[in-house]
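Coordinates in review
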There are 2 protein chains.
Amino acid sequence: MDKLSVIKVGGKVVEELQSLESLLHDFSSIKGYKILVHGGGRSLSRLADRLGIETRMTNGRRITDAATLELVAMVYGGLVNKRIVAQLQGLGVNAIGLSGADLNIIRSVKRPVGEIDYGFVGDVEEVNASALASLVMQDIVPVLAPLTHDRGSLLLNTNADTIAASVAKAMAGLYEVELIYCFEKKGALADENNDDSLIPELNRSMFVDYVNKGVIRGGMIPKLENAFDAITWGVRSVRITQASDLLSMSGTFIR
Amino acid sequence: MDKLSVIKVGGKVVEELQSLESLLHDFSSIKGYKILVHGGGRSLSRLADRLGIETRMTNGRRITDAATLELVAMVYGGLVNKRIVAQLQGLGVNAIGLSGADLNIIRSVKRPVGEIDYGFVGDVEEVNASALASLVMQDIVPVLAPLTHDRGSLLLNTNADTIAASVAKAMAGLYEVELIYCFEKKGALADENNDDSLIPELNRSMFVDYVNKGVIRGGMIPKLENAFDAITWGVRSVRITQASDLLSMSGTFIR
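This is a predicted model, so every value here is computed, not measured.

Attention shifts here to the relation of the copies chain B and chain A. Of the transformation superimposing chain B on chain A, the axial component is 0.0 Å and the angular component is 180°, with the fit at an RMSD of 0.0 Å. Expressed as a symmetry operation, the mapping of one chain copy onto the other fits a two-fold axis. Ranked by how close their C-alpha atoms come to the rotation axis, the residues of chain B are headed by B:G78, at 1.7 Å. Comparing interface residues between copies, 100% of those in chain B also lie at the interface in chain A; the contact surface is shared.

Encoded structure:
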C-alpha cells in the first residue's frame, strides 16, 4: 500500500503568519501523498468579539448558533483555508481547499440536542474516501477546513481533530496512513508545567491512568480519544507533537 | 464539441437567501457541463461596516487594502462560496467551491499602481482550463469565488464578471461555451427607468452609441466589455439577464 500522511494543525500555529509559513514549508517537503486538516484557533473568537457575537464554550467545545456558524464559514472555510492554499501553491504544492460540502467530502449529522444544545455542530457520518483518493492520486493536496454538511444544504461546524481522525480512518483501507497532530506542546506531558516530561509512547491503559490522576485533562482528552480511535480503525501510526517537530520523529506515539 | 454553461450570479441574488435558493434550483436543472461564478454583493460592505473597516470605491471598483482582502477571503471565499456549495449538494449537484488559488485555477497579477492604487486586486493572467475540464468531465460543478492568486502566496481580489468572461474564453477551445450574466435587471435597457425597454440584441457599435448617449453607464460598461471580449475570443453565446430568467431565452444577447 502507498503511504498517506494526514497532518492536523491548529491553535497558535494557524494564527501566527510566521509559524504557519514555517509549518507549511515543512509540510511541503513531506514525500508522498498527504492531506492537511486545519483548525482556526482564536481568530474566530477574536472576530466574534469585534462583531459583538458572544463566544460560548462548554467542555472546551464551541456552541455554534446561526451567527457563529457564519463566522466558522468565513474564518475557517474562507480566510484560513484560502490563505493556506495560496501559501502552499507558492511552495509548489498543488493544494485544493475543501469543506466537507465540497465534493460531499464529509457528510455529518447535526448533533442531537441532549443536556446541551451545541447548535450547528455536525458529527461525522461518512468520509468520501474515493473522492479524496482520486485527488491525492493526481498529486493534489486536499486542505480540509473544519466545516461539514448534512447533504441537505446545511453547513455544520465540526471539530478539526475529529475530522483528521475520521479522514485517517476512512483512508486506512486504501493507504498506509500516518496521522500527525501538531499543536503547541511537545506531545502528551506527564507534568503540564514541565516541557521535558514528554510521554514518548502512550497506550490506552496508560491514558486511562493519566486521566484518572488528572495529569491528562481538558482538550487533550478528546484529542487523544480521537488518536486511539484512529489506531483501533487501522491507522498505522499516530503521533502528537509540536508543529516545529513535524519532520522529526519526536512527540508522543499512540500505541 | 460538448456544451458548457458558465453562469455568473451576483448582487442581490446572492445576498437574499430565498432568491439564491431559487436561482440555484434553476441552475441545478441546467443540462450538461456547467460552472457557476459568484460575486458577493453588499454582504462584504455590510461586514466591513460592522468591523469599522472603510469601504472605498473608485469607478465602481473596490479599493482592496489588507484588511479588505481578509474580508474578501472570508465573505466570498468562505461564507458565500460554502453556502452555495452546500445548497447545490442539497439539490443533488456535486459542487466544489474554488478560489483561483485552489488547483491554481486562476493565476492573476497584482494590478500595477497607476493613478489609482487598487491595492490587492488581481488582473487575470491565466485560467487552468485543463483542471476545470477534468472536473466538469467527472460531472463535478465548479463554483468559483472572485478571488485569485499570483502563485507566489498572495491572494488577490478579482472582479467576478471578469472571472466569468476569462473562464468562458479559456474553455472556448474545448467546449461550445454559453456565458450568462445574471443580475437585477432584465438585461441592457435603453431607458434605465423603464424595465420594458430591454435591448434584445447588442453589438459593439450599438454599445458604443449607447455609451456615448449616456444610456449605458456605470457598472454596466465593464460588464458589457467583458461580454464583448468573450464573444471575440470564441464564446458561442453571451446573454445578460435577470436571475429569474436564467432558464428562459430572454435578456440581452451580445453579438
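Let us now look at the packing of aromatic side chains. Residue and element names in this part refer to chain A. Within the structure shown, the criterion is met by 4 aromatic pairs over all chains. Ring geometry for Y33 and Y175: centres 5.7 Å apart, planes at 80°, overall edge-to-face. Of this pair, Y33 sits in strand β2 (residues 33–38) while Y175 sits in the loop between α6 (160–171) and β11 (176–183), and the two are 142 residues apart along the sequence. As far as the burial class goes, Y33 and Y175 line up, both buried. Above the face of the F27 ring, K34 is positioned so that its terminal group lies 5.2 Å from the ring centre.

Contacts between chain B and chain A engage 37 residues on the former and 37 residues on the latter. Of the roughly 2900 Å² buried where chain B meets chain A, counting both sides, 62% is carbon and sulfur surface. Considering only the side of chain B, the residues that lose the most area to chain A are B:M74, B:K82 and B:L103, jointly responsible for 20% of the buried surface there. For the pair chain B and chain A, the number of links is 4 salt bridges. Residue A:D102 pairs with B:K82 through a salt bridge whose shortest N-O separation is 2.9 Å.

Rules used throughout
- Residues numbered from 1 in each chain as written.
- Chains lettered and ligands numbered in written order.
- Predicted model: local features only at pLDDT ≥ 70, side-chain atom pairs only at ≥ 80, totals over all residues.
- Heavy atoms only, no water.
- Least-squares fit on C-alpha atoms with pLDDT ≥ 70 in both.
- Contact = heavy atoms within 4.5 Å.
- Phe/Tyr/Trp six-rings, centres within 6.5 Å; stacked < 30°, edge-to-face > 60°.
- Helix = DSSP H or I, 4+ residues; strand = E, 2+ residues; numbered from the N terminus.
- Buried < 20%, exposed > 50% of the residue type's maximum accessible area, 1.4 Å probe, protein only.
- Lys NZ or Arg CZ within 6 Å of the ring centre and 35° of its normal.
- Buried area = accessible area lost by both parts, 1.4 Å probe.
- Salt bridge = Lys/Arg side-chain N within 4 Å of Asp/Glu carboxyl O.

Bear in mind that shape data such as this cannot, by itself, settle questions of function.
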